[in-house]
Amino acid sequence: RRSKKSQPLARHKSIFLLLLCIRIIHIESMAGKRDASHRDDEDAAKPVNGESKRMFKSQTYQAREPTAVESAITENFEEGSKLLERLAKTTEVSAFRPELQGAVFCGHLVADLDSVSGAIGASLLYGGTPARASEVNSETQFALDHWGVDNIRYIEDVLKEEPDRSVCLVDFQQRTQLHDCIKMDKIVGVIDHHALQNSTIVTEKPIFVDIRPWGSMSTILAYEFTAQRVALPRPVAGMLLSAILSDTLNLRSPTTTEWDRRVVSMLVQYCQVEDVNILCTQQFKAKSHALSQMTAYTLVNGDIKQFKFGSPDGKEYQVAFSVVETTDPLASLARSQELVREMRTVKQELSAEKTVHVLYLAIVDIVNLRSFLLLLGEAERTLAEAAYGGRSAVLPEDVAGVAGENCERYVYDLGSRVSRKADFVPPISAAVSGGWKMPIKRSKTELHFAEETWVPVVDYSSDPNGEIVRRRSQDVARGPPKAAAPPPADICA
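The rules behind each value
- Residues numbered from 1 in each chain as written.
- Predicted model: local features only at pLDDT ≥ 70, side-chain atom pairs only at ≥ 80, totals over all residues.
- Heavy atoms only, no water.
- Helix = DSSP H or I, 4+ residues; strand = E, 2+ residues; numbered from the N terminus.
- Buried < 20%, exposed > 50% of the residue type's maximum accessible area, 1.4 Å probe, protein only.
- Contact = heavy atoms within 4.5 Å.
- Areas by Shrake-Rupley, 256 points an atom, 1.4 Å probe, with all protein chains shown as cover.
- Phe/Tyr/Trp six-rings, centres within 6.5 Å; stacked < 30°, edge-to-face > 60°.
- Lys NZ or Arg CZ within 6 Å of the ring centre and 35° of its normal.
- Pairing = 2+ DSSP bridges.
- Axes fitted to C-alpha atoms, helices over the stretch in contact; angles between N-to-C directions.
- Expected span 1.5 Å × (residues − 1).
- Bend = angle between axes of the 7 residues up to and from the residue.
- Polar contact = N/O pair within 3.5 Å; in protein donor to acceptor, adjacent residues only side chain to side chain.
- Parallel < 35°, antiparallel > 145°, perpendicular 65-115°, else oblique.
- Nonpolar A, V, L, I, M, F, W, Y, C, P; charged D, E, K, R; others polar.
- Core = buried A, V, L, I, M, F, W, Y, C linked by side-chain atoms within 4.5 Å.
- Patch = residues over 30% accessible without salt bridge, like charges linked within 9 Å, V, L, I, M, F, W, Y side chains within 5 Å.
- Salt bridge = Lys/Arg side-chain N within 4 Å of Asp/Glu carboxyl O.

Enquirer: Describe the overall build of the protein, listing the residues and the values that go with them.
Expert: Secondary structure assignment for the protein yields 20 helices and 13 strands. Looking at the protein as a whole, 46% of its 493 residues are labelled buried. Taking as baseline every contact in the protein between residues at least 6 positions apart, the subset at least 24 positions apart corresponds to 68%. Of the roughly 24700 Å² that the protein leaves accessible, carbon and sulfur atoms contribute 53%.

Enquirer: Give a detailed account of the packing of aromatic side chains, specifying residues and quantitative values.
Expert: Tallied over the full model, the rule gives ten aromatic pairs. With a centroid separation of 5.9 Å and 85° between ring planes, the pair formed by Trp214 and Tyr223 is classed as edge-to-face. Judged by relative accessible area, Tyr223 falls into the partly exposed class, the value being 22%. For the ring pair Tyr223 and Trp259, a centre distance of 4.9 Å and an interplane angle of 65° mean the geometry is edge-to-face. Residue Tyr223 is located in helix H8 (residues 217–227), and its partner Trp259 is located in helix H10 (residues 258–271); the two are separated by 36 residues in the primary sequence. Given the relative accessible area of 28%, Trp259 is considered partly exposed. Taken together, the ring pairs in this structure connect Phe105, Tyr126 and Phe208 into an aromatic cluster. Directly above the ring of Trp214 sits Arg212, whose terminal nitrogen or CZ lies 5.0 Å from the centroid.

Enquirer: Before we move on, can you summarise the sheet that holds strand E1 (residues 103–106) with the specific residues and values?
Expert: Judged by pairing direction, the sheet is parallel, and its six strands sit side by side in the order E3-E2-E1-E4-E5-E6 without closing on themselves. The open sheet has two edge strands with one neighbour each: strand E3 (153–154) and strand E6 (208–211). Where strand E4 (residues 167–170) lies against strand E5 (residues 187–192), four bridges are found, and the strand directions are parallel. Each residue of the ladder has a partner; that of Leu169, found in E5, is Val190. Helix H5 (residues 113–126) rests against E1, strand E2 (128–132), E4, E5 and E6 of the sheet, and its axis sits at about 170° to E2. The sheet strands contacting H8 are E4, E5 and E6, and the helix crosses E5 at an angle near 100°.

Enquirer: With reference to specific residues and values, describe unusual backbone geometry.
Expert: Trans is the prevailing form of peptide bonds, just as negative phi is the prevailing case for residues other than glycine. Unlike most non-glycine residues, Asp171 shows phi in positive territory, near 75°. In this structure, Asp171 sits in the loop between E4 and E5. We classify Asp171 as buried; its relative accessible area is 1%.

Enquirer: Please give an account of helix H17 (residues 420–433) that cites residues and values.
Expert: When the terminal C-alpha atoms of H17 are compared, their 18 Å separation across 14 residues agrees well with the 20 Å that a helix rising 1.5 Å per residue should span. Where H17 bends most, the angle comes to about 25°, and this point is Pro426. Listing the buried residues of H17 in full gives Arg420, Asp423, Phe424, Val425, Ile428, Ala431 and Val432. Residues of H17 that are buried make contact with strand E7 (304–310), strand E8 (316–326), strand E9 (358–365), strand E10 (370–375), helix H15 (378–388) and strand E11 (411–415). N-cap assignment for H17: the residue whose side-chain oxygen lies 3.3 Å from the backbone N of Lys421 is Ser419. Once H17 ends, the next one or two residues include Gly435, with phi positive near 115°.

Enquirer: So what about the packing of helix H3 (residues 68–75) against H10? Which residues, and what values?
Expert: Axis separation between H3 and H10 bottoms out at 8 Å; the angle between their running directions is 85°. On the basis of the axis angle, H3 is roughly perpendicular to H10. Here Val69, Ala72 and Ile73 of H3 come into contact with H10, specifically with Arg261, Val264, Ser265 and Val268. Partitioned by chemical class, the residues of the contact of H3 with H10 number five nonpolar, one polar and one charged.

Enquirer: Now, about the nonpolar core: what can you tell me, with residues and values included?
Expert: Counting residues in each nonpolar core, the largest one holds 58 residues, and the members touching the most others are Ile191 and Leu267. Here this core takes eight residues from helix H9 (residues 234–247), the largest share from any one element. Excluding residues that lie within four positions of it along the chain, Leu267 makes contacts with Ala222, Leu232, Ala237, Leu240, Leu241 and Ile244. Listed in part, the 29 residues of the second largest apolar core include Val319, Tyr360, Tyr388 and Ala431.

Enquirer: Can you lay out the sheet that holds E8 for me, pointing to particular residues and giving the numbers?
Expert: In spatial order, the strands read E7-E8-E9-E10-E11; together these five strands make up an open sheet with mixed pairing. Edge positions in the sheet fall to E7 and E11, since each of these pairs with one other strand and no more. Averaged over all pairs of adjacent strands, the angle between strand axes in this sheet comes to 25°, irrespective of strand direction. Here seven bridges tie E7 to E8, and the two strands are oriented antiparallel to one another. Residue pairing in the sheet places Lys308 in a bridge with Gln318 of E8. Where helix H14 (residues 336–351) meets the sheet, it contacts E7, E8, E9, E10 and E11, and its direction lies at approximately 140° from that of E9. Where H15 meets the sheet, its contacts fall on E8, E9, E10 and E11, and the angle it forms with E9 comes to roughly 60°.

Enquirer: Provide a residue-level description of a nonpolar patch on the surface, including the pertinent values.
Expert: A surface patch of nonpolar side chains, about 270 Å² in accessible area, is lined by Leu196, Val209 and Ile211. Its place among the elements puts Val209 in strand E6. When its relative accessible area of 48% is taken as the criterion, Val209 is described as partly exposed.

Enquirer: So what about the pairing of E6? Which residues, and what values?
Expert: On any regular strand, side chains alternate: one points to one face of the sheet, the next to the other face. Residue alternation in E6 divides its side chains into a buried set, Phe208 and Asp210, and an unburied set, Val209 and Ile211. The sheet contact formed by E5 and E6 spans four bridges and is parallel. Bridge assignment links Ile191 to a residue of E6, and that residue is Asp210.

Enquirer: Just give me the short version of H14, but keep the residues and values in it.
Expert: Spacing of three or four residues puts side chains on the same side of an α-helix, whose turn is 3.6 residues. Given a rise of 1.5 Å per residue, 16 residues ought to cover 22 Å, and the 22 Å separating the end C-alpha atoms of H14 matches this to within 8%. Those residues of H14 lying buried are Ser336, Leu339, Val340, Arg341, Glu342, Met343, Thr345, Val346 and Lys347.

Encoded structure:
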């Protein structure tokens, strides 16, 4: 039995122990909440598997067949998640490539989404300055706006301020696509996904080279961010994602590889894209919408690249190949005669520096994956038949209905060929190396478009600011029609 004096002390001890237990439970509870909060912060930057993957599938697919992009995302979900785990969580880490440190990263002439996104990504990955070789197209501008990324400077402006800066080429390695202000002895690297051909750059000393047979140069960079364990800001990741989708035609192009699919799955998870199909549609619409507002001359020059091919007899042929990718091919084909006329002008302008023997314009239906080739003359026709195995005798009815009279002379059905890199250029290279020769005579199409001289004039009939169009020289000599007369002086003022 305890004495009466010890009973209050025992009660105090019991109360003290009870309060101590409550305090311990409170501390453990707070620690648990902090751990949970920390895990939530980490999970925000990590992909989620299991239930989240099923939610992604159910929300995106609904009750329809999955698209090629959706299939790639789900089939490569685990691999994409593993790649995401390799991204650094801090921006203090950068890839160690001393030869590229401080370089200007620039793409080819006629900048596109892959070359601009690649310049931005490479400059962040290796430490340097992004630049572009020309004005950006509507698709690239959409991606910049969508992901909240500022446009990059012109290469000539960058090098004008610092003429001794080294340069790394992105998305190309051919001299014919090199901006004039880039000196060959300043090139320190190449990051590309195209074949090495006759006009590849030549350097006096070894340079950094990363060329892979993947569908997009941006795929290479996105992968390198994970391989080098470098932090990738989401806006830049979004630009790389848009570029891959563009270059691979939403992963449906024959150039698409498993690495493209895997990296797209990673970037969609990382950028938290709710419906990738909406992004694809918005990009395609941005690309096609601008086409209707472009002049025929601008369309021919819009996405043109030059290639040099050698024949067995030692001759070299310069081929210019322009591509128009659109969701409405009939609208472009309806302008076939106007486009062929401008092809003649562009060919003459390009030949002022170095003779261009052949010029093509391919109109690519990026929805149905089908293409049509516009032929300027006999050289274009004979080389196309040698490269692509003859031609169909009859064009599809809808194409013939909009392309104009005798369109079979200058419109060539390329079928399911859609990629300049994989489908258009390699057969031409094989045809030239197989013995194709320039024809001496000119075709009826060439003679038809050469009969009349077309000159540029300013037409004010539909735009008060004026629009540059081409008219027959004899019509211009008679004076402009009333519809094309300039506006009153007060409007011009």
